Amino acid sequence: MMSRLLSPIHRIATRPTNSGGIRWSSYVGDVRCWSNLSKSYHCGRGAARRSLSAATASTQQQQQPQQERLLILGSGVAGCATALTAARHGIRCTVLHAGSSRDDCNSYWAQGGIIYRNYRLRDAGSGGSGAASSQKEEKLVDTPLSLVNDIKIASGYLGPLQRTDELEEGWYGDKLVLNGGVDNSSRGGDSSSMKGGRQCPTTNIHWNEDAAWKLACEGPSRVRELLLGKKDGGLNEENEGNGGDDGVNAGCVVPFDRVMHADGGSGSGEEGGSEKMDVLSLCLEASHAAPRIIHHADCTGKVITTHITQAAANHPLIEFVGDSVVTDLIFDENSSSSISNDAALVIGAQVLNKQTNRLTNYYATHGVVLASGGLAGIYQHSTNPLGFNALGSSVGLALRLEDSFSGGNNKSSKGGIVSDLEYVQFHPTSLFLPNEARFLLTEALRGEGAILRDLEGRAFARDYHANGELAPRDIVARAVFCETQKNAGDVSGEHNAYLDITHRDSDWLKERFPSIDAHLMSRNSPMDFTKEWIPVIPAAHYTCGGVTTDLNGRVVGGGNSNSNGWYRNLYAAGEAARTGLHGGNRLASTSLLEGLVFGSSVGEIVAGVGNEENQENAVESMHQARDAIERRLAMEQSRGGRVDDGGMNGDASSREATAILTHLKSLMWDNVGVVRTPAKLALAVSELAAIRDQADRLWEDCSCGGTAASWEVVALRDAAYAGLAVAESALANPVSGGAHYVALDEEEGFETDGGLEDGVIADSDDEEEAFDIGLAAARG
């Protein structure tokens, strides 16, 4: 039985042990690892659960050279899922994070919840008669196909599903992939772009159905593997990550909200027998066909992040290094692959310590994972926290790598290492209070019945979409934006968009949304959301595009002779990555699950899990990385072993960088915001190109002066590269779709009578002319 479970994953030899477990051997990299296998296992991926004992892992860590590791940039859900999965396969991991605390990440601020699966909601079939027949015909309503369809609808992709037959939960392997993982037909005929999925001819949106199937099929198992305890069918000990036979087997047990549910009921708790069961609470959010969201009040991201980072920190093969800002990726252009067409080999990253202002090269034979989040923080109004978060660091690093690999002649991405950056999602409901930072008001509020009203009390959401408040985010965001513009020119200037949930029970609301209640009541002028309407406005929230990857998280690009390939030893996961899962618009509560599923896949691909080709690629890349790193270390040692002495004399450059970044954020909000025009996009491209060049000069001036640039300069540099890439992508795509909405220049500040007509505006001669002029300016 156990041999059968193991065989699809590794070429593994197994034999029974005296303790009743199984001893297995497998090549992880080129190190032969032995471990006792616990009797408990899960079949979510058809793989038995494997982990090194704490003593063995600790010994292995001490014996390995420092560079024998996987380097992960970002301590959020995607980064920790990668680290935990890779470590369970014997890979040592170093997780770098920009903040002083490992909890300082975008995942921490997610409010709503994480998609799981509703195993209680059943639909009785129409066949047969009688109670026995009815029970036999009952089918689950919440299926992988149902979730895939919801993701498609939200994405803005208007074509039909390629697969309409149901799939069971489990590993979404190569034999199930519909599109070969990539789509070589990209906008403008650029065959070097290896976007996964298909392009919608109406909206121009690329959506990857395979990515959605992977999330739907593997998601529930990943949740059980990494977040749930045995009480809910999970694999983790109930002592929140500190238990297990060997101290590292346990992941974490997140205390999701629970309810007492009638055994055998339909999911609503109103049917079935009288016996009650303590089960996970499942809520409904916008554009979901079933209540499938598990949550912890309104601070799900906080509790998941706290527990999963603690579980990772407890693992002897995982270390966290804080106050670490990555400035550039290090690659070796001389290492070519004998197996594939891939050329560039990433071997590490240059890292700035925020406390000492010193630069250090972190080398990693197993490669680098970009998991530092998105770029919505480059907007003046954003739901992301201040600091280094969400300033587009992964996009900036990828673009500079591509530029370096192409000889410095590729400032704008033409090789496809980033894609779909025009699709920046604006959350419909952030708290609007003048002179205060925007505060996210979770989608779950509307899922629980909150109504969008104008100043006169009229519910306006259904003017824009039949599903009203539960329509896809991009449509609701534009609806709120349009309503706020109606009074923009009035002398009174009164706000015109509010969220009203005063019809629900006050005590229940405060228990369900304690973080929102605490934030509103902590103000100098407290607000009670259970008794008064809350003013709202859209704010930049999430990046649907990002660093282009395949389904396993390998970063696309860098092939020989400008042909298709991957950057070897470079991966991306979570919001930093573009798998094509979201298309033009993200479905609510998919972000945390995306981090778990695709982060875990990266951990497995790094360890050579999956098939013989993966193993061969992992071993070859590691050997070549090891040789390249040894050459670099020898070179550094010959010059004294120093990268940069650093220094603390960058106050002037820090102030200048901060001022420029503030201007950049205003520029993005005013010209590349909720509603865009060709003229404004062309203006943004021109100004952002100048800001990027200015940021590069600031960085170079600091480096030439013998001191490392401050982290503020690094932040500006990343934001400038990311902002320009967003503006260029938006300008290059004149078709409205998903979160990318282009209005005619003369219709700026437009109002609608009949709604947004699916978010598509027809082209005109004037718009095409403005588009051509703007695109010429961008290319010039």
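Cut-offs used in this document
Residue numbers run consecutively from 1 along every chain, following the written order of its sequence. In keeping with the predicted nature of the model, local features appear solely for residues at pLDDT of at least 70, side-chain atom pairs appear and are counted solely at 80 or more, and the whole-chain, interface and lining totals rest on all residues. By convention in this description, side-chain values take in all heavy atoms of the structure and omit both hydrogens and water. Side-chain rings of Phe, Tyr and Trp (the six-membered ring for Trp) are treated as a pair once their centres are within 6.5 Å; stacked means planes under 30 degrees apart, edge-to-face means over 60, and tilted covers the remaining angles. Each residue gets one of three labels from its accessible area relative to the maximum for its type: buried under 20%, exposed over 50%, partly exposed in between, using a 1.4 Å probe on protein chains only. Put simply, DSSP marks the helices as runs of H or I at least four residues long and the strands as runs of E at least two long, and each gets a number from the N terminus on. Charge-over-ring placement is defined geometrically: NZ (Lys) or CZ (Arg) within 6 Å of the ring centre, and within 35 degrees of the ring normal. Counting rule for disulfides: a pair of cysteine sulfur atoms within 2.5 Å. Between the N-to-C directions of two axes lies an angle of 0 to 180 degrees, each axis being a line fitted to C-alpha atoms and, for a helix, fitted only over the stretch in contact. Our angle categories are set so that under 35 degrees counts as roughly parallel, over 145 as roughly antiparallel, 65 to 115 as roughly perpendicular, and the remainder as oblique. When checking whether two residues touch, look at their non-hydrogen atoms; a contact exists if any pair is within 4.5 Å. In short, DSSP must find at least two bridges between two strands for them to pair. The span you would expect from a helix comes to 1.5 Å times its residue count less one.

K.L.:
Just to check I follow, could you spell out the packing of aromatic side chains for this structure?
P.N.:
Here the structure, examined in full by the defined rule, presents ten aromatic pairs. Aromatic side chains Phe460 and Tyr464 sit 6.4 Å apart centroid to centroid with 85° between the ring planes, which places their arrangement in the edge-to-face category. With a relative accessible area of 8%, Tyr464 lands in the buried category. On the numbers, 6.2 Å between centres and 50° between planes, the contact of Tyr498 with Trp533 is tilted. Residue Tyr498 is found in strand β22 (residues 498-500), and its partner Trp533 is found in the loop between α12 (514-521) and β23 (534-543); the two are separated by 35 residues along the sequence. An aromatic cluster of at least three residues, connected via ring pairs, comprises Phe331, Phe405 and Tyr567. The ring of Trp213 carries Arg163 above its face, with NZ or CZ at 5.3 Å from the centroid. Over the ring of Trp508 we find Arg504; its NZ or CZ atom is 4.3 Å from the centre of that ring.

K.L.:
Help me understand the state of the cysteines in this model?
P.N.:
Between two cysteines, a covalent bond joining their sulfur atoms is known as a disulfide. Taken as a whole and judged by the stated rule, the model has zero disulfides. Of all cysteine sulfurs, the one in Cys80 lies closest to Cys252, which takes part in no disulfide; the gap is 9.0 Å. Owing to a relative accessible area of 0%, Cys252 belongs among the buried residues under this scheme.

K.L.:
Help me out: how do you make sense of the packing of helix α8 (residues 393-405) against helix α17 (residues 711-731) in this one?
P.N.:
Relative placement of two packed helices is described by the angle separating their axes and the distance separating the axes. Two elements in contact, α8 and α17, have axes whose closest approach is 8 Å; the angle formed by their N-to-C orientations is 80°. For the element pair α8 / α17, the angle class is roughly perpendicular. From α8, Ser393, Val395, Gly396, Leu397, Leu399 and Arg400 reach across to α17, where they touch Arg717, Asp718, Tyr721, Ala722 and Ala725.

K.L.:
Explanation requested: the sheet that holds strand β27 (residues 577-578) in the structure shown.
P.N.:
What holds strands together in a sheet is hydrogen bonding between their backbones, with the strands either parallel or antiparallel. Within the open sheet, the three strands sit side by side as β19-β24-β27. Their pairing is mixed. Every interior strand has two partners, whereas the edge strands, β19 (418-419) and β27, have only one. Pairing analysis gives two bridges linking β19 to strand β24 (residues 546-548), with the strands arranged antiparallel. Pairing of Val418 across the sheet is with Val547, part of β24. The strands touched by α8 within the sheet are β19 and β24, with β24 carrying the most contacts at an inclination of about 45°.

K.L.:
Honestly, helix α3 (residues 77-88) in this entry has me stumped. Any pointers?
P.N.:
Along an α-helix, a turn takes 3.6 residues, which lines up residues three or four apart on a common side. Helix length check: α3 (twelve residues) gives 16 Å between terminal C-alpha atoms against 16 Å at 1.5 Å per residue, within 8%. Counted residue by residue, α3 has twelve buried out of twelve residues, so it is predominantly covered. Directly after α3, the chain includes Gly90, whose backbone phi takes a positive value near 90°.

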